[in-house]
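Chain by chain, the residues:
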Amino acid sequence: MGPFADIDHESCLGFTKSKADGAEILAQRGVVLAGLQERLFANGRSGDTRSVLLVLQGMDTAGKGGIVRNVMGMVDPQGVAHASFGKPTEEELSHDFLWRIHKQIPPAGHIGVFDRSHYEDVLVVRVHNLVPRSVWEPRYDIINQFEDELIASGTVIIKVALALSFEEQGRRLAERLDRPDKYWKYNPGDVDERGFWSDYQAAYQAMLDRTDTPGAPWYVVPANRKWYARLAVTELLIDALERLDLDWPPADFDVEVEKARLAATRE
Ligand code: AMP
Ligand code: MG
């Protein structure tokens, strides 16, 4: 993997089709994803403890919310466990940084989605030294250990770093300021954070260098083209679910007996 700051943000990696084709393929792949997710959920109902966790990181406007809406929106919401992590509350700050994360670990059979995550504690926290280096520095190892334990307990972790360019973020923030229907997404603080762009790129690089583990690798997804990023994340989810090799859970009742009982019912 080359340096995070130097990737081609416009890239569609190996995907050579157009945006219109991409939208069509997304819809088709959404059907596949929904089928796999239903199997995961069905197995969860039958005692299978496995789950999937999608971790989304990216700068403001990188498209995290759009992935939640457009990718997770293609599957049954009852099987999705969504959590977003903003500025910690007083209570959260009084606990260990993983305290609020533990509470949102996806239940068996669910696909959990983290819109921001424990990684903020080595990103925004590192950039602004919200805690001393002696506190944030050990967090890389703490996170790796936390994720290893999560994997051992049956959660497949997919970590996505959305890679947006400085110019594209500028365009997206300008659009939020131009459109009353987008004001709600605009936060004056986003411009302050933009001023720390290169510090954030370095913090993302350190995160990738220190927490890209065999069990929970990072996927850097070019994010300047929203439609491409959505398709890429859909494929990552499909791939993870296919590797779980999920079958429909067998009946925990006697099918023939139940058919006979049903046939015998009268009004
Ligand atoms: P948004 O995702 O646009 O709602 O913004 C959430 C904000 O919360 C971002 O500016 C994050 O950097 C910030 N945030 C998330 N986690 C933390 C954390 N652990 N410490 C400080 N700020 C955080
Ligand atoms: Mg925001």
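Let us look at the structure shown here. (Residues numbered from 1 in each chain as written. Chains lettered and ligands numbered in written order. Predicted model: local features only at pLDDT ≥ 70, side-chain atom pairs only at ≥ 80, totals over all residues. Heavy atoms only, no water.)

## Describing the sheet that holds strand 5 (residues 218-222)
Piece 1. An order of 2-3-1-4-5 is seen for the 5 strands of this open sheet, with the pairing classed as parallel. The open sheet terminates on both sides in strands that have one partner only, identified here as strand 2 (80-84) and strand 5. Neighbour-to-neighbour, the strand axes of this sheet turn through a mean angle of 20°, independent of strand direction.
Piece 2. Running over the sheet, helix 7 (residues 139-152) touches strand 1 (51-58) and strand 4 (155-163) and is turned about 135° from strand 4. (Pairing = 2+ DSSP bridges. Helix = DSSP H or I, 4+ residues; strand = E, 2+ residues; numbered from the N terminus. Axes fitted to C-alpha atoms, helices over the stretch in contact; angles between N-to-C directions. Contact = heavy atoms within 4.5 Å.)

## Here we look at the pairing of strand 4
Piece 1. Here strand 4 lies mainly inside the structure; 8 of its 9 residues are buried.
Piece 2. Bridge count between strand 1 and strand 4: 8 bridges; the pairing is parallel. Its bridge partner being in strand 4, Gly 58 is matched across the sheet by Leu 162. (Buried < 20%, exposed > 50% of the residue type's maximum accessible area, 1.4 Å probe, protein only.)

## A closer look at the site of ligand 1
Piece 1. Close to ligand 1 lie Asp 60, Phe 85, Gly 86, Lys 87, Pro 88, Arg 100, Arg 116, Glu 120, Asp 121, Val 124, Val 125 and Leu 130, which account for all nearby residues.
Piece 2. Within the side chain of Glu 120, an N or O atom sits 3.1 Å from an oxygen atom of ligand 1.
Piece 3. Protein chains bury 71% of the 500 Å² of accessible surface belonging to ligand 1 in isolation.
Piece 4. Comparing atom positions with the cavity grids shows ligand 1 to sit within the largest pocket.
Piece 5. Of the residues that constitute the shell around ligand 1, the class distribution is 5 nonpolar, 1 polar and 6 charged. (Near = heavy atom within 4 Å. Polar contact = N/O pair within 3.5 Å; in protein donor to acceptor, adjacent residues only side chain to side chain. Areas by Shrake-Rupley, 256 points an atom, 1.4 Å probe, with all protein chains shown as cover. 1 Å grid on protein atoms, 1.4 Å probe; cavity = no way out; pocket = protein on both sides within 12 Å on 5 of 7 lines; lining within 4 Å. Sits in = over half its atoms within 2 Å of the grid points. Nonpolar A, V, L, I, M, F, W, Y, C, P; charged D, E, K, R; others polar.)

## A closer look at the pairing of strand 3 (residues 111-115)
Piece 1. Among the 5 residues of strand 3, 5 are classified as buried, and the element is accordingly described as predominantly covered.
Piece 2. In this sheet, strand 3 lies alongside strand 1 in parallel orientation, the contact comprising 5 bridges. Pairing of Val 52 across the sheet is with Ile 111, part of strand 3.
Piece 3. With 5 bridges joining them, strand 2 and strand 3 adopt parallel strand pairing. Across the sheet, His 82 pairs through a bridge with Val 113, a residue of strand 3.

## Remarks on empty space enclosed by the protein
Piece 1. All told, the structure shown has 1 cavity of 30 Å³ or more when counted by the stated rule.
Piece 2. Of the voids in this model, the largest cavity is the one considered here, and its volume is about 50 Å³.
Piece 3. The wall of the largest cavity is formed by Ala 62, Gly 63, Gly 66, Ile 67, Leu 162, Ala 223, Lys 226, Ala 229 and Arg 230.
Piece 4. Of all the secondary structure elements, the ones that give two or more residues to the lining of the largest cavity are helix 2 (64-70) and helix 11 (226-243).
Piece 5. Here the lining of the largest cavity gets 3 residues from one element, more than from any other, and that element is helix 11. (Points joined across faces, edges and corners; volume = space filled by probe spheres on them.)

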